[in-house]
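Chain by chain, the residues run as shown.
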Amino acid sequence: MQHFKMYINGNWVESKKKEHIDVKNPSNGSVFASIPRATQEDVEDAVNAARTAFRSEKWRSIKPHERGDILFAIADKIKADRDELARLESMDVGKPLSQAYADVDAAIRYFRFYGGAADKVMGDTIPIEDGLLDYVVREPLGVTAHIVPWNYPLQIISRSVAAAIAMGNTVVVKSAEDTPMTAMRLTEFFDALDLPAGVFNHITGFGYEAGAALSAHPLINHVTFTGSVGTGIEVGKAAMENVVPSTLELGGKSPNIVFSDCDLEKTVEGVVRAIVQNAGQTCSAGARLLIEESFKNVFLQKVIEKFEGLTVGAGLDDKDLGPILNEKQYNHVLSLIEQAKKEASVVAGGNPITVKGCEDGLYVQPTIIDEVSRDSKLAQEEIFGPVLTVFTFVGESEALDLANSTDYGLVTGIWTQDISRAHYLASRIDSGQVFINNYGAGGGVQMPFGGYKKSGIGREKGWIALYNYTQIKNVAVKYN
Ligand code: ADP
């Protein structure tokens, strides 16, 4: 068992209180590492270090293209360490190894994408009158906080940290207490570069303690948060107390809308992958299946058959699904399945399972719930497990109505060969991303990602996310 330290101001440190948190492998329940439990005092040190670094001439004098080189160097290190990072992510999150590889590859692409962008974000000039030069520059915000969830740690850290550094900010990461391992590795990569101390800091600890202290810190200039709606509201409020912007990515109850003219095989494949990836523990999981009524029997039968053939096992064994991350989440998933047994109809799965050799892992059968009433918790709330709820519709307007019937609006899939219908629905759906005849588009590093309604505020990924980490300054120059 290995004990890790945090990284503050260029030094590896223990928490001031010298307390630790155990890190478990969810595939078999074993404790394999421990991390410091940061409190307010440690957060104080990290924020002060990031602030001092931000205000230093040393950081300011690093040219934009050189910041890009820093990010390219991190991408190269991730690439060179690809196997070890994938193994760590799989062990820590419990996700199938091949999915962990996809996460590592996405992380490489984030660092490259934002590395290339570092010297390409430009300002503007505004014509006002003769003798007045008016220009607009985008400046970094300062200290950016990055509060990371446990389901895709490496990808989620990479997307926001790379964008923030590209724009000249400094960074304090609070990794997820359940899954800090790849964040630790990434921190080693930053440590190995010759960066000014304090540009990149990483604290570990509980959300209610270290996370809360970080998001409420008065010297933070921006907070990026990915996680649950309830916590997101807390983080957003804390930032607002300091009049600081936040970017919040808060999950969903995303629908796949299936019409009878879809390509059957590809649609079944897409719908199943959308919900079983990472055992459904994905903010953009395709958690609701809306099927055109006349097509229900044919389509649902195919999906059930596919579900019944799915394999479940330890992350490193690379089955179709791994375990549920922790007991809290496992109990949540099982209690909703029990509710479904009472008020709806469970047509596939529906039970916990034991995986041989991994008896202390928390595994759930991939499950399909049919005949769910629209206003049930099962139809409205995030289950965050491998559980698909099925609805039927007649015609486009009912499909639209159902798709928009939750508080969320993160991702929507539309499966049809009718191009006119697909575009019409895409224009009417309350959703930050719409996929037509696909779902997820290979991670979509370049695409804006974020939510309508309670799925969040702001967008991550792609070019647009760079603007999260800048502020505008207008300069007006009078000359004779
Ligand atoms: P989950 O319920 O799925 O664990 P959370 O939204 O609670 O997800 O957690 C996402 C991230 O937010 C984690 O890094 C967690 O430590 C952190 N966190 C949890 N509570 C708070 C809080 N009150 N303030 C700031 N961060 C928090």
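Keep in mind the model is a prediction, meaning the values are calculated, not measured. (Residues numbered from 1 in each chain as written. Predicted model: local features only at pLDDT ≥ 70, side-chain atom pairs only at ≥ 80, totals over all residues. Heavy atoms only, no water.)

Q: Outline the overall build of the chain, supporting the account with residue identities and numerical values.
A: In terms of regular secondary structure, the chain is built from 15 helices and 23 strands. Across its three principal axes, the chain shows a C-alpha extent of roughly 75 × 65 × 40 Å. Of all intrachain contacts in the chain linking residues separated by at least 6 positions in sequence, the fraction that spans at least 24 positions is 73%. For the chain, the exposed surface amounts to about 19400 Å²; the carbon and sulfur share of it is 49%. Averaging the locations of the 47 positively and 61 negatively charged side chains of the chain gives two centres separated by 3 Å. (Helix = DSSP H or I, 4+ residues; strand = E, 2+ residues; numbered from the N terminus. Contact = heavy atoms within 4.5 Å. Areas by Shrake-Rupley, 256 points an atom, 1.4 Å probe, with all protein chains shown as cover. Lys, Arg positive; Asp, Glu negative; His and termini not counted. Charge placed at Lys NZ, Arg CZ, Asp CG, Glu CD.)

Q: Quick rundown of the sheet that holds strand β13 (residues 255-258)? Include the residues and the values.
A: Reading across the sheet, the 7 strands line up as β15-β18-β19-β14-β13-β20-β21 and stay open at both edges, with mixed pairing between neighbours. Strands with a single pairing partner mark the edges of an open sheet, and in this sheet they are β15 (345-348) and β21 (433-436). Mean inter-strand twist for the sheet, computed between neighbouring axes without regard to direction, equals 25 degrees. Sheet topology note: the strand β14 (residues 288-292)/strand β19 (residues 387-393) ladder contains 5 bridges and is parallel. When the sheet's bridge partners are listed, Ile-291 is paired in β19 with Thr-392. Here helix α12 (residues 327-343) sits on the sheet and contacts β15, β18 (367-370) and β19; the angle it forms with β15, its principal contact strand, is near 110 degrees. (Pairing = 2+ DSSP bridges. Axes fitted to C-alpha atoms, helices over the stretch in contact; angles between N-to-C directions.)

Q: I'd like a rundown of the UniProt feature "active site" (unreviewed entry) in the chain, residues and numbers included.
A: Per the UniProt record, the feature "active site" (unreviewed entry) sits at Glu-249. Along the chain, Glu-249 falls in strand β12 (residues 246-249). When sequence neighbours within four positions are dropped, the list of residues in contact with Glu-249 reads Arg-159, Phe-225, Thr-226, Gly-227, Cys-283, Leu-410, Phe-449, Ser-455 and Glu-460. (UniProt positions renumbered as here; feature names shortened; annotations may be inferred.)

Q: An account of the packing of aromatic side chains is needed here, citing residue identities and associated values.
A: Tallying each qualifying case throughout the model produces 9 aromatic pairs. Among the aromatic residues, ring-to-ring pairing joins Phe-111, Phe-190 and Phe-200 into one connected group. Here the basic side chain of Lys-95 rests over the ring of Tyr-152, its NZ or CZ set 3.6 Å away from the ring centre. Directly above the ring of Phe-259 sits Arg-421, whose terminal nitrogen or CZ lies 4.0 Å from the centroid. (Phe/Tyr/Trp six-rings, centres within 6.5 Å; stacked < 30°, edge-to-face > 60°. Lys NZ or Arg CZ within 6 Å of the ring centre and 35° of its normal.)

Q: Residues and numbers for the pairing of strand β7 (residues 132-140), please.
A: Sheet analysis places strand β6 (residues 124-129) next to β7, joined by 5 bridges and oriented antiparallel. When the sheet's bridge partners are listed, Asp-124 is paired in β7 with Val-136. Once β6 ends, the chain turns through 2 residues before running back antiparallel as β7, passing Gly-131 with a positive phi of about 85 degrees. Relative to strand β23 (residues 470-478), β7 runs antiparallel, the two being bridged by 9 bridges. Residue Val-137 lies in a different strand from β23, and its bridge partner there is Lys-473.

Q: Talk me through the site of the ligand; I want residue IDs and the actual numbers.
A: In the vicinity of the ligand lie 19 residues, with Val-148, Lys-174, Glu-177, Gly-207 and Ser-228 positioned nearest. One of the backbone nitrogen or oxygen atoms of Ala-212 is found 3.4 Å away from a nitrogen atom of the ligand. The contact in question runs from an oxygen atom of the ligand to an N or O atom on the side chain of Thr-231, over 3.1 Å. Its free accessible area being 550 Å², the ligand has 82% of it covered by the protein chains. Those elements giving two or more residues to the shell around the ligand turn out to be α8 (207-215), β11 (222-226) and α9 (229-241). When residues of the shell around the ligand are assigned to their parent elements, the largest contribution, 5 residues, is made by α8. (Near = heavy atom within 4 Å. Polar contact = N/O pair within 3.5 Å; in protein donor to acceptor, adjacent residues only side chain to side chain.)

Q: Requested: an account of helix α6 (residues 153-166), with residues and values cited.
A: A rise of 1.5 Å per residue sets the reference length of α6, with its 14 residues, at 20 Å; its end C-alpha atoms lie 20 Å apart and thus fit the reference within 8%. Counting buried residues in α6 gives 14 out of 14 residues, a clear majority hidden from the surface. Phi for Gly-168, located one or two positions after α6, is positive at around 95 degrees. (Expected span 1.5 Å × (residues − 1). Buried < 20%, exposed > 50% of the residue type's maximum accessible area, 1.4 Å probe, protein only.)

Q: Requested: an account of unusual backbone geometry, with residues and values cited.
A: Most peptide bonds are trans, and most residues other than glycine sit at a negative phi. Positive phi, close to 55 degrees, is recorded for Ala-279, a residue that is not glycine. In this fold, Ala-279 is placed in the loop between α10 (264-276) and β14. Relative accessible area serves as the criterion here: at 1%, Ala-279 is assigned to the buried category. For Lys-453, which is not glycine, the phi torsion reads 50 degrees and is therefore positive.

Q: I'd like a description of the sheet that holds β7, backed by residues and values.
A: Read from one edge to the other, the open sheet built from 3 strands follows the order β6-β7-β23, with strand pairing classed as antiparallel. The open sheet has two free edges, formed respectively by β6 and β23, since each of these has just one partner strand. Between one strand and the next, the sheet's axes are offset by a mean angle of 25 degrees, whatever the strand orientation.

Q: Tell me about the packing of helix α4 (residues 82-93) against helix α5 (residues 97-117), residues and numbers included.
A: For the pair α4 and α5, the least separation of the axes is 8 Å and the interaxial angle reads 125 degrees. With respect to each other, α4 and α5 are oriented oblique. Seen from above, α4 lies across α5 with right-handed handedness. Here α4 contributes Arg-82, Asp-83, Leu-85, Ala-86, Arg-87, Glu-89 and Ser-90 to the contact with α5, which in turn contributes Leu-97, Ala-100, Tyr-101, Asp-103, Val-104 and Asp-105. Partitioned by chemical class, the residues of the contact of α4 with α5 number 6 nonpolar, 1 polar and 6 charged. (Parallel < 35°, antiparallel > 145°, perpendicular 65-115°, else oblique. Left-handed = near helix turned anticlockwise from the far one by under 90°. Nonpolar A, V, L, I, M, F, W, Y, C, P; charged D, E, K, R; others polar.)

Q: Give me the nonpolar core: which residues, what numbers.
A: In this structure, Ile-74, Ile-78, Phe-111, Tyr-114, Val-161, Leu-186 and Phe-190 are the most contacted members of the largest nonpolar core, which totals 47 residues. Elements with a minimum of two residues in this core: α3 (64-80), α4, α5, α6, β9 (170-174) and α7 (181-192). Those residues in contact with Phe-111 that lie beyond four places of it in its chain are Leu-71, Phe-72, Ile-74, Ala-75, Ile-78, Ser-158, Ala-162, Leu-186 and Phe-190. Judged by nonpolar contacts, the second largest core, of 37 residues, contains Cys-283, Leu-410, Val-411 and Trp-415. (Core = buried A, V, L, I, M, F, W, Y, C linked by side-chain atoms within 4.5 Å.)

Q: Lay out the side chain of Thr-204 with the relevant residues and their values.
A: Within the fold, Thr-204 resides in the loop between β10 (200-203) and α8. Residue classification places Thr-204 among the buried residues on the basis of a relative accessible area of 0%. Within polar-contact distance, the side chain of Thr-204 engages the backbone oxygen of Pro-36 at 2.6 Å. Ignoring sequence-local partners within four residues, the contact set of Thr-204 consists of Met-6, Ile-35, Pro-36, Arg-37, Ala-38, Ser-175, Met-184 and Ala-210.

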